[in-house]
Amino acid sequence: MEDARNTLEVVAPDDPALARARLRFLTAEPFERSRVRLPILASWNRSVEFRVPADRLAVPYVRDKDVDTPLVRAAEPVLERLAEQLDGQPISIILTDPTGIVLTQRTGDPDLHRHLERVELVPGFSYGEKFVGTNGIGTALEDGQPTHVFGHEHYAENLENLACAGAPITHPISGKVIGAVDLTCWSRDAGPLMVALAKTTAEQIRQAVRSNTRELALFEAYLRTCRRTTGIVMAFNEEVVMANDAARRLLAPADQSMLLGQVTHALSDRRPAVSVVALPTGGRVRLQTRPVPGPRYDEVAGVVVSAKLVETDEERTESPAVQLPVFLPGVVGSAPQWLRCCHDVDASYGRGEWLVLAGEAGVGKYTLARCVHQRRSPTGRMHTLDALDADFGECVRRDLLDDPVDALVIRHVDRLSAGATASLVSLLRKVDGSGTWIAVTMSDDTDSLSELISLFPRTVRVPPLRRHVEDMTQLIPLFLNRLSPRGQLRCSPAAMHLLMRANWDGNATELHQVLKQVAQHRRTGIIRPADLPTEYRTVNRRQLNRIESMERDAIVDSLDDAGGNKVRAAQLLGMSRATLYRKIHEYGIVTPDR
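The notes below deal with the structure included here. (Residues numbered from 1 in each chain as written. Predicted model: local features only at pLDDT ≥ 70, side-chain atom pairs only at ≥ 80, totals over all residues. Heavy atoms only, no water.)

## Quick notes on the overall build of the chain
Part 1 of the argument: The secondary structure content of the chain amounts to 23 helices and 17 strands.
Part 2 of the argument: Looking at the chain as a whole, 48% of its 594 residues qualify as buried.
Part 3 of the argument: Put simply, 64% of the contacts in the chain that link residues at least 6 apart link residues at least 24 apart.
Part 4 of the argument: If you sum the accessible surface of the chain, you get close to 29,700 Å²; carbon and sulfur atoms cover 49% of it. (Helix = DSSP H or I, 4+ residues; strand = E, 2+ residues; numbered from the N terminus. Buried < 20%, exposed > 50% of the residue type's maximum accessible area, 1.4 Å probe, protein only. Contact = heavy atoms within 4.5 Å. Areas by Shrake-Rupley, 256 points an atom, 1.4 Å probe, with all protein chains shown as cover.)

Structure, rendered in structure tokens:
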């Protein structure tokens, strides 16, 4: 039998038994669970896990929120009609984005409006459950269903005199939650009809989004194309990607990603186009791209792509080429940008083409060249030279003329002087066609190197780590195995999450140095957030100046010394608890487990 606490039954907002249950819950004392509805109890527990303060509000503010969105445009007339019906009533109508950030708010009662301003339930502030705890907006978004939170059911004591009913708004095509509508009033005025009204309003907004959505126009064009062809069909815009069974069967993930990138320009070009494109995993396809008009004038809803595999005359007469492996020895990563880069370097080595590897410091340019050589010529001789070495010119002459090697990698050629560059160009012209594969690495193209670069048929740009951050789930275990040969060191999900959120301006080299630093004091077991250097234990929302960085580090160290106890940490720092809580949220500090 369904528990009555799961139904829409409304408890008395000022129920003293509920107030006592909330207080005993917050103080970790036994309480009468029958007084608390199951969804509310589940939300209270999540609020504890989120470390939401119960005695104050720490609501983040988003300064540049986007209010010109399909959701806001579709919701405006719906909410305007509802506001007219509730004119003069002490009730507020609130629209949020899927994270709980308030986009619009309409309140007919001045007293209620002033109170909502005091608790920051106004546009720009986020009422997500991880910031505010149990509330009609955040809990509805967290549970994915209509929710009401009245009086003492709120986790934060500042909200106990309010009642709110929220309902998530789902996208009519994808079903994804795109926002929420919330009705808030004084707790003494709460009633069961609030939930029904919020649910009805959310459905009306969903229907309004459907009638105005670009995705609907794109979806209909996609279905029409699928009915006309049995080949590969894909459709996409900035929000959604659709693919038929033929696309999933015939195209590898790297192929699909490359095709989408290839036709992105069609979103702005607005003209149909036909082209033949080589796939990363081999083969070619003939693409037909057609922009789809949107529901509004001069708007593009997306692009529909139809494709067919093609075969050239040369491919018909020759034996099929061996498909290149996805992974190179000593290299990990499966992101499309990284796989395409690996494929290009490997293909250039196979054709004997000299190669320029360009990219930021630490992205793995040298590693790619070395691992490709290891795969292609495991017994061949490969030398590496640095343009900054004092005897650079003598070593280049030795490796190319006196005692030629099979492969030569010259690093940092963009740091050569003008005279050294001219000498290198002259020497390379002498050995062109000698059979030695040569690769040079550089941070970026410069005009002073145009003569040198002209000797290399191909340039491959190695993507920075932030462009394929999902590969860190493979890169971190690889580095840890090297730092802890017996596999005694692993990374916890929480620490992995923090590492994946960092900027990594130094790319893979910086990541390796961080893990090496961690391994010096944590040689076995599981790496947790507390094991990471201070600057990697925060989720930075903005660039910090030097003073702010010092303050952030002091707070992190004090939380460590206090074992995660914020009261004790505030005492160590000589600041109030309120200031400490505000700084923790401001700097995005992840507090250690107590």
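The structure having been displayed, the exposition proceeds.
## A short note on the environment of Ala422
Part 1 of the argument: Here Ala422 lies in helix α16 (residues 418–431).
Part 2 of the argument: On the basis of relative accessibility, which here comes to 46%, the residue Ala422 falls in the partly exposed class.
Part 3 of the argument: On a C-alpha basis, the gap between Ala422 and Leu449 in space is 9.3 Å, while along the polypeptide they are 27 residues apart.

## A closer look at the state of the cysteines
Disulfide: a covalent bond formed between the sulfur atoms of two cysteine residues.
Part 1 of the argument: Summed over all chains, the structure comprises zero disulfides.
Part 2 of the argument: No disulfide involves Cys371; its nearest neighbouring cysteine sulfur is the one of Cys342, lying 8.8 Å away. (Disulfide = S-S within 2.5 Å.)

## What about the sheet that holds strand β11 (residues 355–358)?
Part 1 of the argument: Spatial strand order, β12-β13-β14-β11-β15: five strands in an open sheet with parallel pairing. With one partner strand each, in any of the chains shown, β12 (382–386) and β15 (458–461) form the two edges of the open sheet. On average, each strand axis in the sheet is inclined to that of its neighbour by 20°, with strand direction left out of account.
Part 2 of the argument: Here four bridges tie β11 to β15, and the two strands are oriented parallel to one another. When the sheet's bridge partners are listed, Ala358 is paired in β15 with Arg461.
Part 3 of the argument: The strands touched by helix α15 (residues 392–402) are β12, β13 (407–411) and β14 (437–442); relative to β12, the strand with the most contacts, the crossing angle is about 160°. (Pairing = 2+ DSSP bridges. Axes fitted to C-alpha atoms, helices over the stretch in contact; angles between N-to-C directions.)

## Some remarks on the sheet that holds strand β7 (residues 241–243)
Part 1 of the argument: The five strands lie next to each other as β7-β6-β10-β9-β8, forming an open sheet whose pairing is antiparallel. Single-partner strands in this sheet number two, and they are β7 and β8 (273–278). Sheet twist, expressed as the average angle between the axes of neighbouring strands with direction ignored, equals 20°.
Part 2 of the argument: In the packing of helix α8 (residues 214–228) onto the sheet, contacts are made with β6 (232–236), β7, β9 (284–293) and β10 (300–310), and the angle to β10 comes to roughly 25°.

## A few points about a negative patch on the surface
Part 1 of the argument: Taken together, the side chains of Asp389, Asp391, Glu394 and Asp402 present a region of like negative charge at the surface.
Part 2 of the argument: Residue placement: Asp391 occurs in the loop between β12 and α15. (Patch = residues over 30% accessible without salt bridge, like charges linked within 9 Å, V, L, I, M, F, W, Y side chains within 5 Å. Salt bridge = Lys/Arg side-chain N within 4 Å of Asp/Glu carboxyl O. Lys, Arg positive; Asp, Glu negative; His and termini not counted. Charge placed at Lys NZ, Arg CZ, Asp CG, Glu CD.)

## What about the nonpolar core?
Part 1 of the argument: Of all hydrophobic cores here, the largest spans 28 residues; its most connected members are Leu71, Leu79, Leu95, Ile169, Val181, Leu183 and Ile205.
Part 2 of the argument: For this core, the secondary-structure elements that each account for two or more residues are α3 (70–85), β1 (91–96), β4 (162–170), β5 (177–186) and α7 (193–212).
Part 3 of the argument: Once residues within four sequence positions are removed from consideration, Ile169 is found in contact with Leu71, Leu95, Lys176, Val177, Ile178, Gly179, Ala180, Val181, Ala202, Ile205 and Arg206. (Core = buried A, V, L, I, M, F, W, Y, C linked by side-chain atoms within 4.5 Å.)

## Quick word on the environment of Leu478
Part 1 of the argument: Mapped onto the elements of the fold, Leu478 is located in helix α18 (residues 472–483).
Part 2 of the argument: A C-alpha to C-alpha distance of 8.8 Å links Leu478 and Val331, two positions 147 residues apart in sequence.
Part 3 of the argument: Ignoring any residue separated from it by four or fewer positions in sequence, one finds Leu478 in contact with Gly330 and Val332.

## Structural notes on the pairing of strand β2 (residues 102–107)
Part 1 of the argument: Burial analysis of β2 places five of its six residues in the buried class, which makes it a mostly covered element.
Part 2 of the argument: When β1 meets β2, the two strands line up antiparallel, connected through five bridges. Residue pairing across strands places Ser92 opposite Thr107, the latter belonging to β2.
Part 3 of the argument: Joining the antiparallel neighbours β1 and β2 is a turn of five residues, in which Gly100 adopts a positive phi near 100°.

## What about the packing of aromatic side chains?
Two aromatic rings, taken as a pair, are described by how far apart their centres are and by the angle between their planes.
Part 1 of the argument: A full pass over the atoms with the stated rule returns six aromatic pairs.
Part 2 of the argument: Ring centres of Tyr349 and Trp437 lie 4.5 Å apart, and the angle between their planes is 55°; on these two criteria the pair is classed as tilted. Residue Tyr349 is found in helix α13 (residues 336–351), and its partner Trp437 is found in strand β14; the two are separated by 88 residues along the sequence.
Part 3 of the argument: With relative accessibility at 13%, the residue Tyr349 sits in the buried group.
Part 4 of the argument: In this structure Trp437 comes out as buried when scored by relative accessible area, which is 3%.
Part 5 of the argument: Ring centres of Trp354 and Phe456 lie 5.6 Å apart, and the angle between their planes is 50°; on these two criteria the pair is classed as tilted. A residue pair is termed long-range when its members are at least 10 positions apart, and Trp354 in the loop between α13 and β11 and Phe456 in the loop between α17 (450–453) and β15 qualify at 102 residues. (Phe/Tyr/Trp six-rings, centres within 6.5 Å; stacked < 30°, edge-to-face > 60°.)

## What to know about the side chain of Ser47
Part 1 of the argument: Along the chain, Ser47 falls in helix α2 (residues 38–49).
Part 2 of the argument: What makes Ser47 buried here is its relative accessible area of 0%.
Part 3 of the argument: Excluding residues that lie within four positions of it along the chain, Ser47 makes contacts with Val52, Glu129, Gly133, Thr134 and Tyr155.

## Overview of α2
Part 1 of the argument: Under the 1.5 Å per step criterion, the end-to-end length of α2 is 17 Å for twelve residues, consistent within 8% with the ideal 16 Å.
Part 2 of the argument: Considering only its buried residues, α2 is in contact with α1 (16–26), α5 (129–132), α6 (136–143) and β3 (147–150).
Part 3 of the argument: Following α2 by one or two positions, Arg51 adopts a phi angle in the positive range, close to 60°. (Expected span 1.5 Å × (residues − 1).)

## Here we look at the pattern of salt bridges
Part 1 of the argument: Following the criterion strictly, the structure yields 21 salt bridges and no others.
Part 2 of the argument: When the shortest N-O distance is used, the salt bridge between Glu76 and Arg106 registers 2.7 Å. Taken together, the residues Glu76 in helix α3 and Arg106 in strand β2 connect sequence positions 30 residues apart.
Part 3 of the argument: You can call Arg106 buried: its relative accessible area is 16%.
Part 4 of the argument: Among the ionic contacts, a cluster of salt bridges with common partners joins Arg46, Glu129 and Asp143.

## Here we look at α3
Part 1 of the argument: Taking 1.5 Å per residue as the helical rise, α3 with its 16 residues ought to reach 22 Å, and the 24 Å between its terminal C-alpha atoms agrees with that figure.
Part 2 of the argument: The largest bend along α3 reaches roughly 35° and is located at Glu76, with the proline Pro77 sitting one to four residues downstream.
Part 3 of the argument: Turning to α3, its buried residues are Leu71, Val72, Ala74, Ala75, Val78, Leu79 and Leu82. (Bend = angle between axes of the 7 residues up to and from the residue.)

## A few points about the packing of α18 against helix α19 (residues 493–501)
Part 1 of the argument: The interhelical angle for the contact between α18 and α19, taken along N-to-C directions, is 110°, at an axis separation of 11 Å. Classified by the angle their axes make, α18 and α19 are roughly perpendicular. Seen along the crossing, α18 lies across α19 with a hand that is right-handed. Residues Met472, Thr473 and Ile476 of α18 form the contact with α19, whose participating residues are Met496, Leu499 and Met500.
Part 2 of the argument: Residues that form the contact of α18 with α19 fall into these classes: five nonpolar, one polar and no charged. (Parallel < 35°, antiparallel > 145°, perpendicular 65-115°, else oblique. Left-handed = near helix turned anticlockwise from the far one by under 90°. Nonpolar A, V, L, I, M, F, W, Y, C, P; charged D, E, K, R; others polar.)

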